[in-house]
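This is what each chain is made of:
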Amino acid sequence: MSDEVPEGEQSPARPHRVIGTPLPVPSSVDVAERESDSAATGREKMPADPADPVSAKRAERIVAACFIVAFIAGIGFIAAYVGLEVGPLDAVLRSNLALGLSLSVALTALGLGSLLWVRRVMPNVETAEQRHPMRSPSKDREAFQEYFAEATETSQFVKRPLLRRTLMLATLPLAAIPIVVLRDLGPLPGTSLRYTVWKRGTRAVVYGTNRPLTPAEFNTPGSMITVIPEGYEDDQDALAKAGVILIKFAPGELHIPTNYNGGTLVSTMNWTVDNIVAYSKICTHVGCPVALYEQTTHHILCPCHQSTFDAANGANVIFGPAARALPQLPLTLNSQGQLVAASDFTQPVGPSFWERG
Amino acid sequence: MSDDVHVPGALRGLGNWVDERFGGAGYVRTLMKKVFPDHWSFFLGEIALYSFVILLLTGTFLSLFFVPSMNDVVYHGSYIKLNGLRMSEAYASTLRISFDVRGGLLIRQIHHWAADIFMVAITVHMLRIFFTGAYRKPREVNWLIGIILFSLGLIEGLFGYSLPDDQLSGAGLRIFEGVLQGIPIVGTYLAYFLFGGGFPGNDIVPRMYIIHVLLIPGLILALVTAHLLIMFHQKHTAMPAKDQTDTHELGQPFFPYFIAKTTAWLFFVFAALAILATFAQINPIWQYGPYTPLAISSASQPDWYMGILEGALRMMPAWEINFLGHTLSLSVLIPFALPLGIILGGAAFWPWFEKWATGDNSEHHVLDRPRNAAVRTSIGIAVVVFYGVLWAEGANDVIANKLQIPLYTVTWISRVLVIVGPILAYFATKRICIGLQRKDAELLEHGLETGIIVQRPNGEFEEIHRPVSEEARAVLEAKKVPLALPVGAAAVDENGVSAPQARGLMGKMRVRANQAFLETIPLPAGDGHGHGNGHEGNGHGEVEGGGQEHAAVGASTAPAELDRLPDAQPQRPDPGAAGDESES
């Protein structure tokens, strides 16, 4: 029985607070109003003063101090804005620190002051309110139903199907208009996703320097370089599809790559020049540039989702979400001995799409 | 107004002026006295609200300087490293905001941090709502609005951080475009219409801009308003506490308490964002450079809330189906639609599922403690684990690098964990919940151990137990036990014939689901609980029989149609009758 606990020995059992219960704040609830509806039961007045005026006075000083700090910090912000130049990176960072710090201090002090005010200066008041079921009283519902039925009847909406149906008919095209007028947002895709700007004889120029390339200049086995079609150096739309990586292999390392030409698998060894093979740089997963190349394993890795392609074997997928090999660009040499495309890609580059087939 | 309260003349005059034009003194008085229950977790939604307010303020400032254009310009500005480079006006103007507009970098960083915190707050707020059962009748609509707000936040954030047209966000946009293309039938059309042609085109930044600054914020603002009005109208939920019941709400009045606390909270949220923006650099676009479609940096991660989509894309094994001249890119489609579909669709569906499985169609204003709703809590934790695995996989390269695990191993672990993790989490959480329930029942029955040993006159030693305080008792007794379905009849009677409501696929599934919800530790006997006698003393071993036992108890009540059952909650214990249970 509880009364067997000796007086003053309750402390061992004290610190047990059930998780989820409110903190034991209302230790001194000044007003606990149990009935909110005052009309009938003379309402208790809100207390004008906190229960403990001494601690409230102390809190008041702290709150005022907070507000003064906020005031000073606010002035500091304006001073920093007026006084500090921006432009160079270090000046920007200095300004950011001064502005941010003063703003942070001002807001923290303001928040702290407000919180202490409500928690320590205001009397602690707890009130109650009746909850009523959300459902309206039956009387109201019946009255509503009655009027609604009558009014509907009066509107003739139900009685005259001709009016009702023609009205609905009239709104149909109007409802479609917001969709229809979006048509000119863009051209239809057509076959544009199937082709890039590469064509027979387009010179491959190095991405960045825009200089054409000969096999002799690109003769370190294991190296990779990004090339783009000449004439499209600043055309982002073209480059987004036409970016190509060249990889140089040591003799014998490059296995016969295969590639789909139309629907059939063809050997593409004759698409390479001097053990240089060209693959689309656009990942067949969702289109990131496949920018990482591991010399020792000949793996091309897409940094976005880690689809991994085997460059020595037709850029077939060996890991990751990409479902197709990187398309290979047929390479050849022009009369000056520079690397050029023998044709466009023979299959669509980049992410799969419904019409791709 | 009492005579002893002095109201300044000017205020009185203003009040008069307003009231003579709008009336409403009575209504506003009620409003001021509106009760707001107090609990720290009720401020989570406010973090989201105030982050949104700050987003509107800082966003307005940014829009004064940002140029939403993809036109090429050559940069000649304060950031020397990019001097002479070609870039879009959008990127150049973002550099200008960062380097040449005083306070521009701070405001930009506050804006970006506020977006991240906005999504964090929404997420944590939704978890609070879920785990305490606050979405139950009558609040289902507000739950759905919340889910829509979360989804809008995702798109709003994606479009927002893509606006500067820097290398990192451009890569994100490229992925977004690739995903759009992967949608069956309409994918390429969607992508071409949104981007005004092929990727990247010249239209996407201005289009995202107007969606980002007008369309979606407008929708969010409207829905937030509806969310708050509904909350206000339905009154706030409350954590279980003494005298806190479904018909009686305890708390502090709106004016002056809630308004003061919430204002303080606004300042704190703003302060936290300012501190972050001051000391934690976010999205330093000048380091990334302008977007070009052929460049990429490794360890490219999106903002945290897109991490789950990124992780799903990385986790998915290659899978593509070609048929009849068409390509179905499941590698893209499944990660895009499935995880968020399961989580958000499941969340939207859950209140109705729970209602169906428990037959509980009554209003709830006092919240559940998570342990007392074991199935809900376990499902919630399972979803959190599911989300967590996908989210972590979004940074698999960082994880592989930091922990020195091969990258593919990380991906394989995540592929296994994404399926096994939630299942394990479900069962582990359920056991923990049941264990905590048992502890609560024990506390109610025997009270707290005091550590004081006494010797009885007959020589027996005993430890003194102290009854739990009234406040704690009220919390412990707030536990509700679901009804066994079908109500008023055994699911299967002694002749092996199933009740009409338990027949058919749906009927059987409902009884099955119901049994999961029935696995619970009842409050100690003698507290007025009509249910759960069969579970006395031991725990979960009896789940299978549980339905029948409950049904047997329920059989004494008149058979009622399930859906018409007005109040499916079992009788609450009468606090008076519970008495002093502690035994020495």
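See the structure shown above.
What counts and how
- Residues numbered from 1 in each chain as written.
- Chains lettered and ligands numbered in written order.
- Predicted model: local features only at pLDDT ≥ 70, side-chain atom pairs only at ≥ 80, totals over all residues.
- Heavy atoms only, no water.
- Core = buried A, V, L, I, M, F, W, Y, C linked by side-chain atoms within 4.5 Å.
- Buried < 20%, exposed > 50% of the residue type's maximum accessible area, 1.4 Å probe, protein only.
- Helix = DSSP H or I, 4+ residues; strand = E, 2+ residues; numbered from the N terminus.
- Contact = heavy atoms within 4.5 Å.
- Pairing = 2+ DSSP bridges.
- Axes fitted to C-alpha atoms, helices over the stretch in contact; angles between N-to-C directions.
- Lys, Arg positive; Asp, Glu negative; His and termini not counted.
- Salt bridge = Lys/Arg side-chain N within 4 Å of Asp/Glu carboxyl O.
- Polar contact = N/O pair within 3.5 Å; in protein donor to acceptor, adjacent residues only side chain to side chain.
- Buried area = accessible area lost by both parts, 1.4 Å probe.
- Nonpolar A, V, L, I, M, F, W, Y, C, P; charged D, E, K, R; others polar.
- Phe/Tyr/Trp six-rings, centres within 6.5 Å; stacked < 30°, edge-to-face > 60°.
- Parallel < 35°, antiparallel > 145°, perpendicular 65-115°, else oblique.
- Expected span 1.5 Å × (residues − 1).

(A) Main features of the nonpolar core. Membership of the largest hydrophobic core comes to 97 residues, with the highest contact counts inside it found for Phe118, Trp143, Val205 and Ile220 of chain B. Among the elements that take part in this core, helix α5 (residues 104-132) of chain B stands out by supplying 14 residues, more than any other. Those residues in contact with phenylalanine 118 of chain B that sit more than four places away from it in its chain are Ala48, Ser51, Phe52, Leu55, Gly153 and Ile220 of chain B. Counting 26 residues, the second largest nonpolar core, distinct from the first, contains Leu254 and Phe309 of chain A together with Leu313 and Val332 of chain B.

(B) The sheet that holds strand β12 (residues 316-319) of chain A, seen in detail. All names here are of chain A. Pairing in this open sheet of 4 strands is antiparallel, and the strands run β9-β10-β11-β12 from one edge to the other. This sheet does not close on itself; its edge strands, each paired only once, are β9 (292-294) and β12. This sheet shows a mean twist of 35 degrees between the axes of neighbouring strands, independent of strand direction. One ladder, built from 3 bridges, connects strand β11 (residues 308-310) with β12; its direction is antiparallel. Paired with phenylalanine 309 across the two strands is valine 317, which belongs to β12.

(C) Region of the structure containing the side chain of arginine 415 of chain B. Examined against the element boundaries, arginine 415 of chain B turns out to sit in helix α16 (residues 407-446). There is no salt bridge for the buried arginine 415 of chain B, and the closest opposite charge comes from glutamate 393 of chain B, which lies 6.2 Å off by N-O distance. From its side chain, arginine 415 of chain B meets the backbone oxygen of methionine 315 of chain B in a polar contact 2.6 Å long. Apart from the residues within four sequence positions on either side, arginine 415 of chain B is in contact with Phe319 of chain A together with Met315, Met316 and Pro317 of chain B.

(D) Region of interest: the sheet that holds strand β3 (residues 204-206) of chain A. Residues and elements named next belong to chain A. Spatially, the 4 strands line up as an open sheet ordered β3-β4-β5-β8, and their pairing is antiparallel. Where the open sheet ends on each side, the last strands, each with one partner, are β3 and β8 (276-280). Strand after strand, the sheet turns through a mean of 40 degrees between neighbouring axes, direction not considered. Inspection of the sheet shows strand β5 (residues 244-248) paired to β8 by 5 bridges, in the antiparallel sense.

(E) Region of interest: the side chain of lysine 479 of chain B. All names here are of chain B. Within the element layout of this structure, lysine 479 appears in the loop between α17 (470-476) and α18 (504-518). Only 2.4 Å separates the side chain of lysine 479 from the side chain of threonine 520, close enough to count as a polar contact. Of note is the side chain of lysine 479, whose polar atom sits 3.0 Å from the backbone oxygen of isoleucine 521.

(F) A look at the pattern of salt bridges. All names here are of chain B. What the rule picks out here adds up to 24 salt bridges over all chains. Measuring nitrogen to oxygen at the nearest pair gives 2.9 Å for the salt bridge that ties aspartate 72 to arginine 86. Placement of the pair is aspartate 72 in strand β2 (residues 72-74) and arginine 86 in strand β3 (residues 86-88), with a sequence separation of 14 residues. Look at aspartate 72 and you get partly exposed, because its relative accessible area is 46%. Overlapping salt bridges bring together Arg136, Glu354, Asp368 and Arg376 as one network.

(G) Quick peek at the interface of chain A and chain B. The interface of chain A with chain B comprises 105 residues on the first partner and 129 residues on the second. Summed over both partners, the interface of chain A with chain B comes to about 9,800 Å²; 61% of that surface belongs to carbon and sulfur atoms. The largest per-residue losses of area from chain A upon contact with chain B belong to Glu129, Arg131 and Trp354 of chain A, which jointly make up 10% of the total buried on that side. Between the two partners, chain A and chain B, sit 3 salt bridges. The residue glutamate 249 of chain B makes a salt bridge to arginine 131 of chain A at a minimum N-O spacing of 3.6 Å. If one sorts the elements of the side of chain A that touches chain B by residue count, helix α2 (residues 89-121) of chain A sits on top with 19 residues. Residues that form the side of chain A that touches chain B fall into these classes: 56 nonpolar, 31 polar and 18 charged. One ladder, built from 4 bridges, connects strand β2 (residues 125-130) of chain A with strand β4 (residues 248-253) of chain B; its direction is antiparallel. Paired with threonine 127 of chain A across the two strands is glycine 251 of chain B, which belongs to β4 of chain B.

(H) Quick peek at the pairing of β4 of chain B. Residues and elements named next belong to chain B. The element β4 is extensively covered by neighbouring structure, given that 6 of its 6 residues are classed as buried. Pairing geometry for strand β1 (residues 35-36) and β4, over 2 bridges, is antiparallel. Directly across from valine 35, in β4, lies its bridge partner proline 253.

(I) Up close: the environment of alanine 341 of chain A. In this structure, alanine 341 of chain A sits in strand β14 (residues 339-341). Sequence-distant contacts of alanine 341 of chain A, defined by excluding residues within four places in its chain, comprise Trp198, Lys199, Arg200, Gly201, Thr202, Leu329, Pro330 and Thr332 of chain A.

(J) Fine view of the packing of aromatic side chains. All names here are of chain B. Scanning the entire structure with this criterion turns up 31 aromatic pairs over all chains. Aromatic pair phenylalanine 36 and phenylalanine 254: ring centres 5.8 Å apart, planes at 45 degrees, arrangement tilted. Taken together, the residues phenylalanine 36 in strand β1 and phenylalanine 254 in helix α10 (residues 254-279) connect sequence positions 218 residues apart. Geometrically, the ring pair formed by phenylalanine 159 and phenylalanine 176 is edge-to-face, given 6.0 Å between the ring centres and 75 degrees between the ring planes. Taken together, the residues span a long stretch of sequence, with phenylalanine 159 in helix α6 (residues 140-162) and phenylalanine 176 in helix α7 (residues 167-182) at a distance of 17 residues.

(K) Region of the structure containing the packing of helix α13 (residues 330-358) of chain B against helix α14 (residues 374-393) of chain B. Residues and elements named next belong to chain B. Here α13 crosses α14 at 170 degrees, and the two axes come no closer than 11 Å. With respect to each other, α13 and α14 are oriented roughly antiparallel. For the pair α13 and α14, contact is made by Pro339, Ile342, Ile343, Trp350 and Glu354 and by Val375, Arg376, Ile379, Val383, Phe386, Tyr387 and Leu390, respectively.

(L) Main features of α7 of chain B. With 16 residues, α7 of chain B should reach 22 Å at 1.5 Å per residue; the first-to-last C-alpha distance of 23 Å fits that figure. Here α7 of chain B lies mainly inside the structure; 14 of its 16 residues are buried.

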